[in-house]
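# Structure at a glance
This is what each chain is made of:
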Amino acid sequence: MTHPEPAPPSTRQPDPGIVLYDTMQRQKVPFVPGVPGRVGMYLCGPTVYSDAHLGHAKKEVAFDVVRRTLLHFGYQVRYVTNVTDVGHLQNDSDDGEDKLLARARLEQLEPMEVADKYFWSFVRDMDALNVLKPSINPRATGHIPEQIELIEELIRRGHAYESGGSVYFDVRSWPEYGKLSGRRLDDQEEGTREAVREDKRDPRDFALWKQAEPGHIMRWESPWGEGFPGWHIECSAMSLKYLGEGFDIHGGGIDLEFPHHEAEIAQSEAAGHPFARYWMHNNMLTIGGEKMSKSKGNFTTLRDLLAVHDPMVVRFLLVGSHYRSITEFSDAAFESARSGYRRLTEALHEVERRLPTAPGKSDPALLENIGGHVRAFEDAMRDDFNTPRAVAALFGLTTDVNAALAAGEVGREALEAARTAYRTLGGDVLGLFAGGTAERGDDAQVVGALMDLVLQARQHYRLNKQYAQADDLRDTLASVGVTVEDTKDGPRWRR
Ligand SMILES: Nc1ncnc2c1ncn2[C@@H]1O[C@H](COP(=O)(O)OP(=O)(O)OP(=O)(O)O)[C@@H](O)[C@H]1O
Ligand SMILES: [Zn+2]
């Protein structure tokens, strides 16, 4: 196992006083990073075998906001999130086909073609949602030696055993197994819906390495013969490699708490590596009260959603509920997100429109109000990243700004303060104005206006039956990565 270099002396700010809900301790606790001024974060990433849906976006946006908040309060953040491209089987009892292989057969593609196809689709969706790129985005198949090394260590220490070319973690050898989810070994169900595998000593043991059956394409040499890693071990190996022992925050969906995160902790700590110091879990996005999920078929892919809706409205909908709360997705929720988001952006644009010609006068009452909303926003984010309260602070700001704008002239200083509040808090922290800074925000506006013109020209060609010209425009846009789709509400474009 290699570890990151020790951090240089820090230039950190005083402790910003962030408090977060740690799943392990089941309460809110002060957040104190292991190395002052620096935070190492790991998030369980996607299994790249299909397009992501809105539920996946809830998780990605939730932890993106955590990261952005830490940056805002002056921390340096190393954000590691993995790509699962092997070992995630169709059920949790170490049986069933690899999800990627099943998809590869269905689509008649190489497994790595499936992984790349859906990885890039995921990247495109996350870019659209203004999710910052990870500092490191390691793939499971690129870290087989690290996983084998960790498994060997577990065998050496008597916490894992080989059986018929597979290796299992011996849960009975590790009494702490269950400490995150609060499940005691005795309470854990014996076996699961599926038949218990005969090569396990205990039905609760989980696979670290699986022997490859003949014909299984994804296979690697190992001390136990040809096979492939279990799903859980990749996260232990890659988080420890890139963040070091005792890294700060481990995140993921609440549905991963057991068995995935429980297994990550057991494998790492039983091998002698202290693991994450704080555990954060997001709740689920639901539709009609049920978790949105691929298997239930009640999902909307981001690809489809973002083709017709402004990604920033989608993001606004997601940050409108707390990461530990359920987010219910409905037409009404969407409409309210759309109008709420418009309210913020209209105020911001009016502020920016007036700024160049603003008078030098001072508006002490407005300035004081703006300062109050900024403090309310920051207090909300310090309190377990309370985005609904933070959004309420932005609405409070908007009410005051709108009142001042309606009352007459507002001086430059107050307009600057309002703009900074929107751009820094709404833009940089909540990620609601793609681009984040005013300059890049202006770019987005220019691109939007230019695209409107191009689409009008294309409509014009189509109405005049000049289809070749219309197609030419569409192809030119496609060559620079812009897709145009015709919907019942007219043409839409996306990157
Ligand atoms: N509806 C959801 N809300 C929030 N997070 C979700 C949701 N669905 C999935 N996730 C997160 O994304 C991770 C990966 O999800 P996964 O690929 O299993 O999707 P899924 O739609 O739940 O698929 P399946 O129904 O096949 O289990 C989950 O473990 C969870 O953390
Ligand atoms: Zn994981």
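Residues numbered from 1 in each chain as written. Chains lettered and ligands numbered in written order. Predicted model: local features only at pLDDT ≥ 70, side-chain atom pairs only at ≥ 80, totals over all residues. Heavy atoms only, no water.

### A closer look at unusual backbone geometry
For residues that are not glycine, phi is negative in most cases, and the peptide bond is trans in most cases. Omega for the peptide link from Phe258 to Pro259 comes to 0 degrees, which places this bond in the cis form. For Pro259, the position within the fold is in helix H6 (residues 257-270). One non-glycine residue, Gln108, adopts positive backbone phi at about 55 degrees. Given the relative accessible area of 71%, Gln108 is considered exposed. (Helix = DSSP H or I, 4+ residues; strand = E, 2+ residues; numbered from the N terminus. Buried < 20%, exposed > 50% of the residue type's maximum accessible area, 1.4 Å probe, protein only.)

### So, the site of ligand 1
In the vicinity of ligand 1, 17 residues are found, and the nearest of them are His53, Leu285, Lys291, Lys294 and Ser295. His53 is positioned such that a nitrogen or oxygen atom in its side chain is 2.7 Å from an oxygen atom of ligand 1. Here a nitrogen atom of ligand 1 and a backbone polar atom of Met292 are 2.8 Å apart. Here the shell around ligand 1 gets three residues from one element, more than from any other, and that element is helix H1 (residues 54-72). Tallied by class, the residues present in the shell around ligand 1 amount to five nonpolar, eight polar and four charged. (Near = heavy atom within 4 Å. Polar contact = N/O pair within 3.5 Å; in protein donor to acceptor, adjacent residues only side chain to side chain. Nonpolar A, V, L, I, M, F, W, Y, C, P; charged D, E, K, R; others polar.)

### With respect to the UniProt feature "binding site: Zn(2+)" (unreviewed entry) in the protein
Annotation from UniProt places "binding site: Zn(2+)" (unreviewed entry) at Cys44, Cys235, His260 and Glu264. Look at the named residues: they lie 221 residues apart in sequence, but the longest C-alpha span between them is just 10.7 Å, so in the fold they bunch up. For Cys44, a relative accessible area of 3% puts it in the buried group. Along the polypeptide, His260 turns up in helix H6. (UniProt positions renumbered as here; feature names shortened; annotations may be inferred.)

### Things to note about the confidence of the model for the protein
Considering every residue of the protein, the mean pLDDT works out to 90; 91% of them sit at 70 or more. Predicted confidence is poor over residues 190-194, with pLDDT under 50, and the contacts of this stretch with residues over four places away or in other chains come to seven contacts. Low pLDDT, under 50, characterises residues 435-442; the stretch is placed with 13 contacts to residues that sit more than four places away or in other chains. For this predicted complex, the interface score ipTM comes out at 0.96, alongside a pTM of 0.85. (pLDDT = per-residue confidence, 0-100. Contact = heavy atoms within 4.5 Å.)

### Points about the coordination of the zinc ion (ligand 2)
For the zinc ion (ligand 2), the protein coordination sphere consists of Cys44 (SG), Cys235 (SG), His260 (NE2) and Glu264 (OE), at 2.0 to 2.4 Å. Of note is the zinc ion (ligand 2), whose four donor atoms meet at the metal with angles of 78 to 131 degrees in an arrangement that counts as irregular. Sequence positions of the residues that donate to the zinc ion (ligand 2) give the spacing C-x190-C-x24-H-x3-E. In this pair, Cys235 is assigned in helix H5 (residues 231-243) and His260 in helix H6, connecting sequence segments 25 residues apart. Accessibility expressed as a relative area gives 1% for Cys235, which makes it buried. (Donors = N, O, S within 2.8 Å, 3.2 Å for Na, K, Ca; no water. Tetrahedral: all angles 85-135°; square planar, octahedral: opposite > 155°, others 65-115°.)

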